Amino acid sequence: MANHVHTSVEFQRINEAAQNRLKELYEKVRTDSHYQWFGDIFLGDELSYEKIEDRTWMLENIGAKWCYFEDKDPDYFTTESAWSPPIEGIEKLLEDLSQYDKKMVTVVRYEDEFPNYIGASVYIGNHELDSREDTDEDILEMAMEHFDDIKGKFDFETGEWADEKSEEFWEDMAWEFRTELIDDFVAETLDLLH
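Everything numeric here is computed off the predicted structure, so don't read it as measured data.

Draft legend 1. Up close: the nonpolar core. By size, the foremost hydrophobic cluster in this structure holds 30 residues, and its most contacted members are Phe 11, Phe 38, Ile 41, Phe 42, Phe 77 and Leu 93. Contributions of two or more residues to this core are made by strand E1 (4–13), helix H1 (16–26), helix H3 (55–61), strand E3 (67–73), helix H4 (87–97), strand E5 (105–112) and strand E6 (117–124). Residue contributions to this core peak at 5 residues, all from H4. Leaving out residues up to four positions away in the same chain, Phe 38 has contacts with Ile 62, Cys 67, Tyr 68, Phe 69, Phe 77, Thr 79, Pro 86, Gly 89 and Ile 90. Core analysis: the second largest hydrophobic core is formed by 21 residues, Met 144, Phe 154, Trp 170 and Phe 177 among them.

Draft legend 2. Spotlight on the sheet that holds strand E2 (residues 36–37). Ordered by their spatial adjacency, 7 strands build an open sheet running E2-E3-E4-E1-E5-E6-E7, and the pairing between neighbours is antiparallel. The open sheet is flanked by E2 and strand E7 (127–135), the only strands paired with a single partner. Here E2 runs beside E3; their pairing, made up of 2 bridges, is antiparallel. Bridge assignment links Gln 36 to a residue of E3, and that residue is Phe 69. H1 contacts E1, E3 and strand E4 (76–82) of the sheet and is inclined by roughly 135 degrees relative to E3. Relative to E6, helix H6 (residues 164–191) is tilted by about 15 degrees, and along the sheet it contacts E1, E5, E6 and E7.

Draft legend 3. Structural context of the packing of helix H5 (residues 136–146) against H6. Their axes nearest at 11 Å, the elements H5 and H6 cross at an angle of 105 degrees. Here H6 runs roughly perpendicular to H5, going by the angle between their axes. Taken together, the residues of H6 that come into contact with H5 (itself represented by Asp 136, Ile 139, Leu 140, Met 142, Ala 143 and His 146) are Trp 170, Phe 177, Arg 178 and Leu 181. Its residues assigned to classes, the contact of H5 with H6 shows 7 nonpolar, 1 polar and 2 charged.

Draft legend 4. Here's a closer look at the pairing of E3. In this sheet, E4 lies alongside E3 in antiparallel orientation, the contact comprising 6 bridges. Within the sheet, the bridge partner assigned to Asp 73 lies in E4 and is Tyr 76. Following E3, the chain reverses through 2 residues before pairing antiparallel with E4.

Basis of the calculations
- Residues numbered from 1 in each chain as written.
- Predicted model: local features only at pLDDT ≥ 70, side-chain atom pairs only at ≥ 80, totals over all residues.
- Heavy atoms only, no water.
- Core = buried A, V, L, I, M, F, W, Y, C linked by side-chain atoms within 4.5 Å.
- Buried < 20%, exposed > 50% of the residue type's maximum accessible area, 1.4 Å probe, protein only.
- Helix = DSSP H or I, 4+ residues; strand = E, 2+ residues; numbered from the N terminus.
- Contact = heavy atoms within 4.5 Å.
- Pairing = 2+ DSSP bridges.
- Axes fitted to C-alpha atoms, helices over the stretch in contact; angles between N-to-C directions.
- Parallel < 35°, antiparallel > 145°, perpendicular 65-115°, else oblique.
- Nonpolar A, V, L, I, M, F, W, Y, C, P; charged D, E, K, R; others polar.

From the geometry alone we can't say anything about function, so treat these as descriptive.
Structure below.
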């Protein structure tokens, strides 16, 4: 079974014309299925629903073998995908929307459920301003430098904790620490725009 990757796309700044275009694209998404497939927004004269369902097309154009919307709105959307975030699809969408708003500011955040990694990107129009991706091992190394309670308490070669107390400490605060890393990166990157 594939690891699921949760991705959120927030339009921090988007004009009405780009929002209207996004609504038009959302209307292409099929509603006769349990899932609302992200690839449906690219439906067009040369692209059928059948082609969108092709795994090779999905990997090359969306960046994941499958991806569906969990929620969507004119200011944001969230997706669930297999193994990877749908970065290629998001960038393809931003290329379309930037024709209506070249100054649009978009923040993409994603996390693997396992977790294997987390990441974020910030875009102006369809140009990436900056991005960051950290593996879970990288994050644990940063946390061990940051928190004395787990400093030197994990053996990366064996994958074992020195004691139960250290392992519980990490398990209790790991998601919060991961989220804080990404939120700090996004805030610092957005500050560059002011």
